[in-house]
Amino acid sequence: SWIRRCLTNASIKKADRVIAVSRFARDYLGRNFEGILNKVDIAYNGNSITNGIIGETHNNTSNVKIDIPFFISSSKFVVYANQLNLLKGYALLYKKNRKLPPIYFAGHVHDKVYYNEINKFIDVNGISHKVKFLGYLSHEDLIRLYCKAFAFIFPSTLEACPQTLIEVMACGVPIATSNIPPMPEMCEDAAVYFDPFDERDIAEKIELLLNDEKHRYNLKKASLERCKFFDWKKTALEIVESFEKCYINSV
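Quantities reported herein were computed from a predicted structural model and do not represent experimental measurements. (Residues numbered from 1 in each chain as written. Predicted model: local features only at pLDDT ≥ 70, side-chain atom pairs only at ≥ 80, totals over all residues. Heavy atoms only, no water.)

Draft legend 1. The overall build of the protein, seen in detail. A count of helical and extended segments in the protein gives 10 helices and 10 strands. Within the span of the protein, comprising 251 residues, buried residues form 47% of the whole. Here the contacts in the protein between residues at least 6 apart in sequence split such that 68% fall between residues at least 24 apart. When the accessible surface of the protein is split by element, carbon and sulfur atoms take 53% of a total near 13400 Å². (Helix = DSSP H or I, 4+ residues; strand = E, 2+ residues; numbered from the N terminus. Buried < 20%, exposed > 50% of the residue type's maximum accessible area, 1.4 Å probe, protein only. Contact = heavy atoms within 4.5 Å. Areas by Shrake-Rupley, 256 points an atom, 1.4 Å probe, with all protein chains shown as cover.)

Structure below.
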């Protein structure tokens, strides 16, 4: 992979310490670089959002027009973000339930070929009135949308430490996400999980969130509790500890 080539070129074996952003990232390094695990430290990303508030910049205005209730997904449009399979699951569910809430997608188009394939699927399956692309949004607008969403759907197949999930949990929003690591590592019991390559499983998990109010409530509570684990001060201390190990080993 690109990561492996870069790390090899950087002579990773010469590093005194290596900081990974998740257990998944640490284990990836261990599988691909012999003898490295004894010098890998983990420092998760932190969370700067509390109950949907970003520091002191929060206000109630937004330029994004939405219909409530709605589902939302946020990621750039690339194949590994897996929006197409999410839409396949959504289309299956729409055949059963024509009152299904709309689904909004936020994010840049990085792969135009993939984006065009997604649009073709939407047109062929007659769900264009149910799908809206919001494009790039400010961080503040994203957080406001998360807070208003019925549920957040994250079908990604490739992440190291998905900041999006941390922030969505901090907004107390029900989450359905991939069962591929590190998503379960990040959310633990604060999400329902689906096989991102199985459109029927995706549809079933969205339907579960749609129909089970008690489960949604429990996920909201679990999200607000789980997000406390991610703290930038703790992240900074863990990085400092890694630097200190470098110093001790050099003395």
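That was the structure; now back to the text.
Draft legend 2. Structural detail: unusual backbone geometry. Across the junction of Ile68 and Pro69, the peptide omega takes the value 5 degrees, indicating a cis bond. One can find Pro69 in the loop between β4 (53–54) and β5 (71–74). Of note in the backbone geometry, Asn82 takes a positive phi value of approximately 70 degrees without being a glycine. Take Asn82: its relative accessible area is 5%, and that puts it in the buried class. With a phi angle near 50 degrees, Glu188 is a residue other than glycine that sits in the positive phi range.

Draft legend 3. Representation of the pairing of β5 in the model. Side chains Phe71 and Ser73 of β5 all project onto a buried face; the interleaved residues Ile72 and Ser74 project onto the opposite face, where all are buried too. Where the polypeptide runs from β5 across helix α3 (residues 83–96) and back to strand β6 (residues 103–106), its parallel neighbour, the crossover connection is right-handed. Examined bridge by bridge, β5 and strand β8 (residues 151–154) share two bridges and lie parallel to one another. Within the sheet, the bridge partner assigned to Phe71 lies in β8 and is Ala151. (Right-handed = clockwise from strand over helix to strand, strands pointing away. Pairing = 2+ DSSP bridges.)

Draft legend 4. The nonpolar core, seen in detail. Ranked by internal contacts, the top residues of the largest apolar core, which has 33 residues, are Ile72, Tyr146 and Phe152. Elements represented by at least two residues in this core include exactly β6, α5 (139–148), β8, α6 (163–170) and α7 (183–187). Sorting elements by how many residues they give to this core places α6 first, with five residues. If near-sequence neighbours (up to four positions away) are discounted, Phe152 is found in contact with Ile72, Ser73, Ser74, Tyr146, Thr164, Leu165, Val168, Val173, Pro174, Ile175 and Ala176. (Core = buried A, V, L, I, M, F, W, Y, C linked by side-chain atoms within 4.5 Å.)

Draft legend 5. Summary view of the packing of α3 against helix α8 (residues 199–211). α8 packs onto α3 with a crossing angle of 60 degrees between their chain directions and a minimal axis gap of 8 Å. One element, α3, and the other, α8, form an angle in the oblique class. Between α3 and α8 lies a crossing whose hand is right-handed. Where α3 abuts α8, its residues Asn85, Leu86, Lys88, Gly89, Leu92, Leu93 and Lys96 lie against Glu199, Arg200, Ile202, Ala203, Ile206 and Glu207. Residue composition of the contact of α3 with α8, by class: six nonpolar, two polar and five charged. (Axes fitted to C-alpha atoms, helices over the stretch in contact; angles between N-to-C directions. Parallel < 35°, antiparallel > 145°, perpendicular 65-115°, else oblique. Left-handed = near helix turned anticlockwise from the far one by under 90°. Nonpolar A, V, L, I, M, F, W, Y, C, P; charged D, E, K, R; others polar.)

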